[in-house]
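In case you want the letters, here they are:
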Amino acid sequence: MNERTLQMAMTDFSFVLPADFDDYAWEAEAKGCFAEALMTVAGKRFRLTFYDPVRLSQEIESELERGSAFFEPNLVIVRSVTKSDMRQAAEMLAQSGQTATLVPEEAA
């Protein structure tokens, strides 16, 4: 992707957390998961679910112990579930074109 294409792609990008996220950001980071982030790219909106590696392994193990399979659409693994790490991951998805593998929300 050249610089001009990257600039155009990023002008059609938004990453939004709930307005009160800063009030409980510490809790999301401590829990290691957050599922209320919204990303819009090229007019398509995606709800992203973020996990840190430790919490993800716990969730997978728990589901397998119950005899289930683990599945989470739009799953993004980050080093830590912080505003900065989540935004950086969303930007990387948008810049790299990997949003084609995500499931968009249905149009209202």
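For the structure, see preceding data.
The present account deals with the structure reproduced in this document. (Residues numbered from 1 in each chain as written. Predicted model: local features only at pLDDT ≥ 70, side-chain atom pairs only at ≥ 80, totals over all residues. Heavy atoms only, no water.)

1. Brief notes about the packing of aromatic side chains
In this description, a pair of aromatic rings is defined by centroid distance and the angle of the planes.
In step 1: Across all of its chains, the model carries five aromatic pairs by this definition.
In step 2: When the centroid spacing of 5.0 Å and the interplanar angle of 70° are considered together, the rings of F21 and F34 count as edge-to-face. One end of the pair, F21, is in helix α2 (residues 21-31); the other, F34, is in strand β2 (residues 33-41), with 13 residues separating them in the sequence. Across the pair, exposure class does not vary: F21 and F34 are buried alike.
In step 3: Taken together, a centroid distance of 6.3 Å and an interplanar angle of 40° make the contact between Y24 and F34 tilted. (Phe/Tyr/Trp six-rings, centres within 6.5 Å; stacked < 30°, edge-to-face > 60°. Helix = DSSP H or I, 4+ residues; strand = E, 2+ residues; numbered from the N terminus. Buried < 20%, exposed > 50% of the residue type's maximum accessible area, 1.4 Å probe, protein only.)

2. Section: the pairing of β2
In step 1: Note that strand β1 (residues 13-16) and β2 share four bridges and pair antiparallel. The residue of β2 that forms the bridge with S14 is T40.
In step 2: Bridge analysis of β2 against strand β3 (residues 44-51) gives seven bridges, and the strand direction is antiparallel. Within β3, the residue paired with A37 across the bridge is L48.
In step 3: Where β2 folds back onto β3 in an antiparallel hairpin, the turn is made up of two residues, including A42, whose phi is positive at roughly 50°. (Pairing = 2+ DSSP bridges.)

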